[in-house]
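Here is how the chains run, residue by residue.
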Amino acid sequence: MKAIVAVDKNWGIGYENKLLTSIPSDMKFFRETTMGHVVVMGRKTLESFPNGLPLAKRTNIVLTRDPNYQVKGAVVVHSQEELLEELKKYEGEEIFAIGGGSVYESMLPYCKTIFVTKIEYAYQADTYFPNLDKLPEWEMTEEGEEQTCFDIEFRFTKYERKS
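Values in this document were obtained by computation on a predicted structure and should not be read as measured data.

Asker: Is there a simple way to explain the side chain of S106 in this structure?
Answerer: Mapped onto the elements of the fold, S106 is located in helix α4 (residues 101-107). For S106, a relative accessible area of 19% translates into the label buried. Within polar-contact distance, the side chain of S106 engages the backbone oxygen of V103 at 3.2 Å.

Spelled out as structure tokens, the structure:
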């Protein structure tokens, strides 16, 4: 399993159920990386998308505690156990955890690769991704050139779990 996330300087990922910022090339990278694959997200992440609709051309799996929650075009699961059972159906396929905070946290032990867009700015955030630089089992294996979008500096990085 993989994860894909954009973080600020403090590993913040969101504030009041919204992304901290929107960088077109990061959105493009997300789209190109996850297209045609399985994406796992929490209910709030799904509801933060345009019109609250699942992502096109991907298998969307939504984790929620609400037993009555349903959404057209997505598989809904209600616990970590149910999610892991559902993911067995997609063995051999690329699976991406795409947020939010609690989904990242619960799926991190199953991830081998994480694509992190690192934004060189500290935003006001209320949701964070674990700081991979401080976790001994993770190492940055790729670091792209610094890029700028308006006045925001960022770079694409890739972390891999040490074997």
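Asker: Explain the layout of surface pockets to me, please; I cannot follow it from the model alone.
Answerer: Gaps left between atoms are located by rolling a probe of water-molecule size over the structure's atoms. By volume, the largest pocket is sized at about 1200 Å³. Around the largest pocket, the lining comprises 44 residues; the ones closest to its centre are T45, S48, I98, G99 and G100. Listed by contribution, the elements that provide at least two residues to the lining of the largest pocket are β1 (2-7), β2 (12-15), β3 (18-19), α1 (24-34), α2 (43-48), β7 (95-99), α4 and β8 (113-119). With 5 residues, α4 is the single largest residue contributor to the lining of the largest pocket. Of the residues contributing to the lining of the largest pocket, the split by class is 17 nonpolar, 17 polar and 10 charged.

Asker: Please explain the pattern of salt bridges as it appears in this structure.
Answerer: Pairing between side chains of opposite charge can happen when their charged atoms approach one another. Enumeration according to the criterion identifies 9 salt bridges in this entry. One salt bridge in this structure joins K89 and E86, with 3.0 Å as the shortest N-O distance. Residue K89 is classed as exposed on the basis of its relative accessible area of 61%. A salt bridge links D133 to K118, with the nearest nitrogen and oxygen atoms 2.9 Å apart. Taken together, the positions of D133 in the loop between β9 (127-128) and β10 (138-143) and K118 in strand β8 put the pair 15 residues apart, joining distant regions of the chain. With a relative accessible area of 48%, D133 lands in the partly exposed category. With a relative accessible area of 15%, K118 lands in the buried category. Bridged by salt links that share partners, the residues E143, E146 and R155 form one connected network.

Asker: Would you mind going over the sheet that holds β2 with me for this structure?
Answerer: Note: strands within a sheet are paired through backbone hydrogen bonds, in either parallel or antiparallel orientation. Sheet architecture is open: 3 strands sit in the order β3-β2-β9, paired in antiparallel fashion. The strands lining the two open edges of the sheet, one partner per strand, are β3 and β9.

Asker: Just to check I follow, could you spell out helix α3 (residues 80-87) for this structure?
Answerer: Each turn of an α-helix holds 3.6 residues, which means side chains three or four residues apart point in the same direction. The set of residues buried in α3 consists of L83, E86 and L87. The buried residues of α3 occupy an angular sector of 100 degrees when the element is viewed end-on, so they sit on one face. Contacts from the buried residues of α3 go to β4 (38-42), β5 (59-63), β6 (74-77), β7 and α4.

Asker: Honestly, the side chain of T113 in this entry has me stumped. Any pointers?
Answerer: Secondary-structure assignment places T113 in strand β8. The contact partners of T113, leaving out residues within four places of it in the chain, are M1, K2, A3, W138, K158, Y159 and E160.

Asker: Can you help me understand α1 in this one?
Answerer: Where α1 is concerned, the buried positions are D26, F30, T33 and T34. Buried residues of α1, seen end-on, are gathered within an arc of 85 degrees and therefore sit on one face of the element. More than 90 degrees from the buried face of α1, the exposed residues found are P24 and E32. If you follow the buried residues of α1, they end up packed against β1, β4, β7, β8 and β12 (152-161).

The rules behind these values
- Residues numbered from 1 in each chain as written.
- Predicted model: local features only at pLDDT ≥ 70, side-chain atom pairs only at ≥ 80, totals over all residues.
- Heavy atoms only, no water.
- Helix = DSSP H or I, 4+ residues; strand = E, 2+ residues; numbered from the N terminus.
- Buried < 20%, exposed > 50% of the residue type's maximum accessible area, 1.4 Å probe, protein only.
- Polar contact = N/O pair within 3.5 Å; in protein donor to acceptor, adjacent residues only side chain to side chain.
- 1 Å grid on protein atoms, 1.4 Å probe; cavity = no way out; pocket = protein on both sides within 12 Å on 5 of 7 lines; lining within 4 Å.
- Points joined across faces, edges and corners; volume = space filled by probe spheres on them.
- Nonpolar A, V, L, I, M, F, W, Y, C, P; charged D, E, K, R; others polar.
- Salt bridge = Lys/Arg side-chain N within 4 Å of Asp/Glu carboxyl O.
- Pairing = 2+ DSSP bridges.
- Arc of directions from axis to C-beta.
- Contact = heavy atoms within 4.5 Å.

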